[in-house]
Amino acid sequence: MKRTLKIYNTLTGKKEAFQPIHEGHIGMYVCGPTVYNDVHLGNCRTFASFDMIYRYLLHLGYKVRYVRNITDVGHLTDDGEDRMAKGAKLARLEPMEVAQKYTVGFHDMMRIFNTLPPSIEPRATGHIPEQIEMVEDILARGLAYERNGSVYFNVPKFAETTPGVYGQLSGRVLDDLYSETRELKNQGEKEHPADFAIWMKARPEDIMVWKSPWSVGFPGWHLECSAMSTKYLGKTFDIHGGGNDLKFPHHENEVAQNHGACGCAPANYWMHTNMLLLNGKKMSKSDGNTISPLELFSGTSTHTSKSYSPMVVRFFMLMAHYRSTLDITDEALQAAEKGFKKLMEINKLVQNLPVDARNFDGSETNTDREMLALMETAFEGMDDDFNTAIAIASLNELGGYINKLVNKQIEASEVSPWVLEKTKVVFQTLIFDIFGLKDESDSGSDGGTVEGLMNLVLEFRANARAQKDWAASDKIRDSLQAIGIAVKDGKDGVSWTKQ
RNA sequence: GGUUUCCUGGCCGAGCGGUUAGGCACAGCUCUGCAAAAGCUGCUACAGCGGUUCGAAUCCGCUGGAAACCUCCA
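Residues numbered from 1 in each chain as written. Chains lettered and ligands numbered in written order. Predicted model: local features only at pLDDT ≥ 70, side-chain atom pairs only at ≥ 80, totals over all residues. Heavy atoms only, no water.

### What to know about the nonpolar core
Then, number 1: Formed by 84 residues in total, the largest nonpolar core has its most connected members in Met28, Leu41, Leu57, Phe386 and Phe435.
Then, number 2: No other element matches helix α1 (residues 41-59), which puts 10 residues into this core.
Then, number 3: When near neighbours in sequence (up to four residues on either side) are disregarded, leucine 57 contacts Leu5, Ile26, Met28, Tyr62, Val64, Ile239 and Phe386.
Then, number 4: Counting residues in hydrophobic clusters, the runner-up holds 35 residues, among them Leu169, Ile198, Ala227 and Ala261. (Core = buried A, V, L, I, M, F, W, Y, C linked by side-chain atoms within 4.5 Å. Buried < 20%, exposed > 50% of the residue type's maximum accessible area, 1.4 Å probe, protein only. Helix = DSSP H or I, 4+ residues; strand = E, 2+ residues; numbered from the N terminus. Contact = heavy atoms within 4.5 Å.)

### Some points on the sheet that holds strand β3 (residues 25-30)
Then, number 1: Strands sit in the order β4-β3-β10-β11 across an open sheet of four strands; the sheet is parallel. Single-partner strands in this sheet number two, and they are β4 (63-68) and β11 (267-273). With strand direction ignored, the average angle separating the axes of adjacent strands in the sheet is 20°.
Then, number 2: Two strands pair when backbone bridges link them, and β3 and strand β10 (residues 237-243) are joined in this way by three bridges, in the parallel orientation. Paired with tyrosine 29 across the strands is histidine 240, a residue of β10.
Then, number 3: Together, β3, β4, β10 and β11 form the strand contacts of α1, whose direction differs from that of β3 by roughly 175°.
Then, number 4: On the sheet, helix α8 (residues 247-262) packs against β10 and β11 and is oriented at approximately 160° with respect to β10. (Pairing = 2+ DSSP bridges. Axes fitted to C-alpha atoms, helices over the stretch in contact; angles between N-to-C directions.)

### Focus on unusual backbone geometry
Then, number 1: Across the junction of phenylalanine 248 and proline 249, the peptide omega takes the value 5°, indicating a cis bond.
Then, number 2: For proline 249, the position within the fold is in helix α8.
Then, number 3: Even without a glycine there, the phi angle at aspartate 385 is positive, about 60°.
Then, number 4: By the element assignment, aspartate 385 lies in the loop between α12 (366-383) and α13 (388-406).
Then, number 5: The backbone phi angle of phenylalanine 386 is positive, close to 55°, even though this residue is not glycine.
Then, number 6: Of note, phenylalanine 386 is situated in the loop between α12 and α13.
Then, number 7: The exposure class of phenylalanine 386 is buried, given its relative accessible area of 0%.

### Looking at the pattern of salt bridges
Then, number 1: The full count for this structure, using the stated rule, is 19 salt bridges.
Then, number 2: Two residues, lysine 341 and glutamate 337, come together in a salt bridge whose shortest N-O distance is 3.9 Å. One end of the pair is lysine 341 and the other is glutamate 337, both in helix α11 (residues 330-352) and four residues apart, which spans about a single turn.
Then, number 3: Note that glutamate 345 and lysine 488 form a salt bridge whose closest N and O atoms lie 3.3 Å from each other. (Salt bridge = Lys/Arg side-chain N within 4 Å of Asp/Glu carboxyl O.)

### Overview of the packing of aromatic side chains
Then, number 1: Going through the model one piece at a time under the given rule, you end up with 13 aromatic pairs.
Then, number 2: Ring centres of phenylalanine 158 and tyrosine 166 lie 6.4 Å apart, and the angle between their planes is 90°; on these two criteria the pair is classed as edge-to-face.
Then, number 3: Grouped by ring-pair contacts, the aromatic residues Phe153, Phe158, Tyr166 and Phe196 constitute a single cluster.
Then, number 4: A cation over a ring is seen here: lysine 306 above tyrosine 308, with NZ or CZ 4.5 Å from the ring centre.
Then, number 5: One cation-aromatic arrangement involves lysine 404 over tyrosine 401; the distance from NZ or CZ to the ring centre is 6.0 Å. (Phe/Tyr/Trp six-rings, centres within 6.5 Å; stacked < 30°, edge-to-face > 60°. Lys NZ or Arg CZ within 6 Å of the ring centre and 35° of its normal.)

So this is what it looks like as structure tokens:
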């Protein structure tokens, strides 16, 4: 069956049927982090969202080149100083030392959240020649001008020569833009307040500087993404993504730069993930309204009552659509934790169900049809702009059938072997391949030691129970509970789970 | 001030003109030595006011509230 993937395109403000430029291949660029600080949870949501998107595209069979950059230069601080350099001075470290430290931290965090590494992870400082070239191209096409060693992009001229482009992505009206731009540094050098720097001449206090035809300086705020996406994905590629807060000016200016350099649009589909909220407000490094992932994992944040594991947090994010704001609260996290553990349990149950073809008479039962419909709904949800909430809901409903099968409330013959087989695959595929979750309750690489110990302990308990020695039986159960192992007495014997 | 978006049951959160989304919490029941787990049942909401329509949470208008962007930010 051929599915149609629909993607919400910020450029047009509509959901569109996705059509790659080259059949079977996708080029996707996502704006990565600026490595002058620890990643916070909001960053993680964006990268987890695009990880899910990347995984689903792979699942659909596309060959995806996923490029996500590391920004280690180029962002101005309030006082006009490069952010990387500022961090370096405070900590008395080399700028690249700071970048390296937080890059490593970022990678660690991405691994903890079980995100797949991008195909290419280019660094801004590693692409200075490409950026200088792009400035030259833009100058050559007459869409930028030099002032005292700095080069500025000429927005009014671009708007005039390429009508309808500037402002389209962020939905901005040019006249408003022209009249409302605030006073910024170096405003005096610009011909127009809406213009923006693509090359900045260094001042004596700047550390990270490079030689260029115009001055010793550094590239402008948005240039790196334009240069690197072009280099690795071509002038026009399929998907460009990033956080909602990058829409303007970052992405708008990126579009302008690419147009300015080559006369064509950079990406066909622009995707923007929405913000993670804390206390109803955007999480942000600069205003201190943040919760770090590590605080969440260790339970040391004042905003939460307990610790939450990385996969619980990832599941929590998946319960909402990537384009909706998501308010993080202790209660919501607790709900996610229970939901996540339940889903993991259900998956174990379904994977362990025996597939018995002997009594299969070849007909499709009502239960078959209901279960198949739910699986269909799950993937329809994913096809509809990556609606993970729908997919999870379907999985939960399927879980009801699994539980009833296990509890023998549904006859095994009610579910055809191939449907059961398919259910197993669907669970496995959605939970692990697409959602990118991991079962954290797995005892892991202890070589079955825990398993063996548990069998022994539960055997003792079974003996006690057989002799109606409830005191001993309950003592074992309570002690296990105390170390976080729940014992469940079912119809077909005892099972246990780590909590 | 400008632009845009959002406002769903105790909480989180789907929904894009006509079916109970789902999860968590809560209550009752079944199962159980007791519990837990699981199952079943109940809890049926769409900020307010108008309008369009046979029919609106879903479209339009107004009012109120919130948020994002306009300035580095995922």
